[in-house]
Amino acid sequence: MSNPHASLLQAGRIGTMELKNRIVMAPMGENYGGTDGVCGERAQAYYAERAKGGTGLVIMGTAAISWPTGTSEPHQLGISEDSFIPGLAEVTRRVHEHGGKVAIQINHSGKIAANDRTHGREMWVSSIPPAGPVAEAMRTVTPKEFSTFVGVGPYPDRYRVMDKADIEQMVEWFAAAALRAKQANFDAVEVHGAHNYMIANFLSPFFNSRTDEYGGSYENRSRLLREVLTAVRERVGPDFPVWVRIDAEEMHTPGGITMEEALKTAKLCEEYGANAINVSAYARLPTGTAFTDAPIPQKQNAYREFARDIKKAVNIPIISAGRWELDDAAAAVTDGEIDFVAMGRKLLADPELANKLQANAAKNVRPCIYCYACVSEIFINKGIKCAVNAQTGHETTKTITFAEKPKHVLIVGGGPSGMEAARVAALRGHRVTLVERSDRLGGTLFFAALAYPENGRLLDYLVKQMDHPNIQVRFNTTVDAKLLDELKPDEILVGTGAKRAAPAIPGADQSHVWSGDELRRLMTGDRADEVAKAKLSLTERAMFKAGGMLKVTDSTAAIQSLSKLWMPLGKKVVIVGAGLVGLELAEFLIERGREVTVLDPGTHPGSELAIVRRWRVYDAVKAHGKLLMQSNVTRIDRKEVIWTDKAGEEQRCAADSVVLAIGAEADSTVADQLQAITQIPLRRIGDCNDLGYIEGAMHSGHAAGRSL
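Definitions and limits used
Residues numbered from 1 in each chain as written. Predicted model: local features only at pLDDT ≥ 70, side-chain atom pairs only at ≥ 80, totals over all residues. Heavy atoms only, no water. Helix = DSSP H or I, 4+ residues; strand = E, 2+ residues; numbered from the N terminus. Rg over C-alpha atoms; globule rule 2.2 N^0.38 Å. Buried < 20%, exposed > 50% of the residue type's maximum accessible area, 1.4 Å probe, protein only. Contact = heavy atoms within 4.5 Å. Areas by Shrake-Rupley, 256 points an atom, 1.4 Å probe, with all protein chains shown as cover. Lys, Arg positive; Asp, Glu negative; His and termini not counted. Charge placed at Lys NZ, Arg CZ, Asp CG, Glu CD. Core = buried A, V, L, I, M, F, W, Y, C linked by side-chain atoms within 4.5 Å. UniProt positions renumbered as here; feature names shortened; annotations may be inferred. Expected span 1.5 Å × (residues − 1). Polar contact = N/O pair within 3.5 Å; in protein donor to acceptor, adjacent residues only side chain to side chain. Disulfide = S-S within 2.5 Å. Domains from an automatic or database assignment. Buried area = accessible area lost by both parts, 1.4 Å probe. Phe/Tyr/Trp six-rings, centres within 6.5 Å; stacked < 30°, edge-to-face > 60°. Lys NZ or Arg CZ within 6 Å of the ring centre and 35° of its normal.

Visitor: Help me understand the overall build of the protein in this model?
Guide: Summing up its helical and strand segments, the protein has 26 helices and 27 strands in all. Relative to its length of 708 residues, the protein is compact, with a C-alpha radius of gyration of 27 Å against a globular reference of 27 Å. Expressed as lengths along the three principal axes of its C-alpha atoms, the size of the protein is roughly 75 × 65 × 45 Å. Expressed as a percentage of its 708 residues, the buried residues of the protein come to 61%. Long-range contacts, defined as pairs at least 24 residues apart, comprise 72% of the intrachain contacts of the protein with a sequence gap of at least 6. In the form shown here, the protein has an accessible surface area of approximately 26800 Å², with 50% of it arising from carbon and sulfur atoms. Side-chain charges of the protein comprise 83 positive and 86 negative groups, with the mean position of each set lying 3 Å from the other.

What follows is the structure, encoded as structure tokens:
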């Protein structure tokens, strides 16, 4: 069978460095450096795991050349003193042990040095930066999050406009860091010239307003980059691979870097001895959504055109980042648009990605769901994590080992926690029987995949993992004493999810008022006939059946398409609740032409969402619907919702349909009933035990599977 990703598995070369494939781990600050900047066991194991998974080139990001100053993260790794070399050398040893190559990204954060701001230190800049917009989405940051938010401290901003001596010092820091990288046995160095860090701050015509030989014309603004490249090359020698990460564009930045200047920069880097160009992009943040344009995009293959244009301008390899889809990346390499594909989030989700592609098993790659849980941790002073991979950042402590005494495990509930527990248990040699009361797997994840399609990839992956010789799945099955007597399991895991009871609001019992649970059951086929009879007219039921909704319960993509043609909700929809479920549902309905108003009694919307994902959903709902916080619903009438605002004034809002997206809580009913009839050890996982949504379900299921 031909491998559709064969081009990604071809050997490649950057300068003198030979690479076994075209898959690169993108430089992504992991914030695992502790308080001393030393690369310890956690960071070493994290990078080694990606090399073990077959990644051809691992790029460590981002090492501070003047640690602790010039750092953007509180636990950033350092490379500013020889004392940092031993820890970094252990990374190179481990990566090489697995047959991979490893580079390190060296950087000074300049005006982005949020950690300097926090500690009252001067932030070194090309010139005083223009006052920037404050994204309205920042209002969604909760007080608890804000108390640890990066860059927030008791000190006012202090900028140091660099003089010539400072610039000379900066060049020396870069050169010395590059030499230390070579001494630590790295195979290459990446100079960070993007994302408005130090070098990009000089390159940008928007941020650099100097009037000396380092400002004004492009020749002047690029002088620091030229001096850095010259000094680095002199220090590491002619054969050591060096390349530069550049911005193809500064988005949402009038007068910022454009492709025209990016092409000049790429040619300049080649002229000054760079062995490759790593193409990225940057965006100011007039909105929260802008962060998901660049540098960590939501859009698929976001920088493909940028990379293709730069590839045409130079004769050195192009490394391209920007949420590449695997099929498209393979096509781009085949067509000569790029040479290497850099992936960050995908390799957090599945460090075995390259090995799985090599085995022509792309369907077994655990997908990133682009929830931004990883990078959101950086904002609140924590190391990165992954919602779908509990082992990210815990490679040495959350290991999957073969069980000394395999058991027969009964798992009740085919949602994400149950499937992840089954997957891990089966890998450990346990025999698993997974029972699901409906006729398909997924639980609430299936409904979540309707509201946010990326979740459907995770569902598809988990369902695929149930095709394992150690796992038996039983549909349309409830657990009772008879089944327990038949199966005789050694242990029971219950992952039956949360309950979403309708709140005690007058009028909530009307047919046009939907609880989140009722809507989920109807749209996913979980006892949908019961809901249809209770909530839909005869005409609507006929449309529902004619539309084939009940026949496609195994396909989130099919229901996604059908939901654009038919939904059991009117034109004007009021959603009560601005949490994760309410906001994602609002986004989903807005895309389907509904006029949406979201009402919530609280002060901070979407607090269950990762910060960056929250910003994006908040912007979408505010731009195309209404989001009204501190709004207490007092009554629901047939055609309107009555509520009081924060001043206590009564307000009214027209509504054809109302969705109650509040009141979710852990539901241990099934677990309690089973506990009462058996002495078999039983544990609750997922939302059945503690409301944690997809991340909580995946992590608790993984923990349960490991501990059996």
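Visitor: What is the right way to look at the nonpolar core in this model?
Guide: Within soluble globular proteins, side chains that are nonpolar tend to cluster in buried spots. The biggest cluster of nonpolar side chains holds 178 residues, and the ones touching the most others in it are M60, I104, I106 and I575. With sequence-adjacent residues up to four places away left out, I575 is seen in contact with G582, L585, A586, L589, V596, T597, V598, L599, V659 and A661. Within the second largest apolar cluster, 15 residues are counted, among which are L57, A188, I319 and A342.

Visitor: Explain the UniProt feature "domain: NADH:flavin oxidoreductase/NADH oxidase N-terminal" (unreviewed entry) in the protein here, please?
Guide: In this structure's numbering, the residues bearing the UniProt feature "domain: NADH:flavin oxidoreductase/NADH oxidase N-terminal" (unreviewed entry) are residues 13–364. As annotated, residues 13–364 comprises 34% helix and 17% strand, and the C-alpha atoms at either end are separated by 28 Å.

Visitor: What is the right way to read helix 24 (residues 611–624) from this model?
Guide: End to end, helix 24 covers 20 Å across 14 residues, agreeing with the expected 20 Å (1.5 Å per residue, within 8%). Among all positions of helix 24, only I611, V612, R613, R614, W615, V617, Y618, D619 and V621 are buried. Where helix 24 is buried, its residues meet helix 4 (143–146), helix 14 (373–379), helix 23 (580–590), strand 20 (595–599) and strand 21 (626–628).

Visitor: What am I meant to see in the environment of N21 here?
Guide: Relative to the assigned elements, N21 resides in the loop between strand 2 (17–19) and strand 3 (23–25). Between the C-alpha atoms of N21 and F186, which are 165 residues apart in sequence, the distance is 18 Å. Excluding residues within four positions of it along the chain, N21 makes contact with L8, L9, Q10, A11, G54, T55, G56, F340 and A354. A polar side-chain atom of N21 sits 3.0 Å from the main-chain amide nitrogen of G56.

Visitor: Looking at this model, I keep getting lost on the state of the cysteines. Mind explaining?
Guide: Simply put, the disulfide is a covalent bond whose two ends are the sulfur atoms of two cysteines. Across all of its chains, the model carries 0 disulfides by this definition. A disulfide-free cysteine, C368 has its sulfur positioned 6.4 Å from the sulfur of C374, the nearest such atom. The exposure class assigned to C368 is buried, which follows from its relative accessible area of 11%. Among the cysteines around C386, which has no disulfide bond, C368 carries the closest sulfur, lying 6.6 Å off. On the accessibility criterion, C386 (8% relative accessible area) is buried.

Visitor: I tried to follow the domain arrangement of the protein on my own but got confused; where do I start?
Guide: When the parts of a complex come together, some accessible area is lost, and that lost area is often used as the size of the interface. Along its sequence, the protein is organised into domain 1 (16–131 + 143–379), domain 2 (408–499 + 665–707) and domain 3 (503–522 + 532–547 + 569–662). Across the contact, 16 residues belong to domain 1 and 9 residues belong to domain 3. Taken together, the two surfaces of domain 1 and domain 3 that pack against each other cover about 1100 Å², and 65% of this comes from carbon and sulfur. Sorting the residues of domain 1 by area buried against domain 3 places E145, T289 and S376 first, and these three jointly supply 34% of that buried surface.

Visitor: Mind showing me how you'd approach the packing of aromatic side chains here?
Guide: How two aromatic rings sit relative to each other is given by the distance of their centres and the angle of their planes. One pass over the full model with this rule turns up 11 aromatic pairs. Between W124 and W173, the ring centres sit 5.3 Å apart and the planes meet at 35°, which makes this aromatic pair tilted. You can see W124 sitting in strand 6 (residues 123–125) and its partner W173 sitting in helix 5 (residues 164–183), a full 49 residues away along the chain. Taken together, F146, F149, F291, F379 and W615 form an aromatic cluster joined through their ring pairs. The positively charged end of R223 is found above the aromatic ring belonging to Y214, 5.9 Å away from the centroid.

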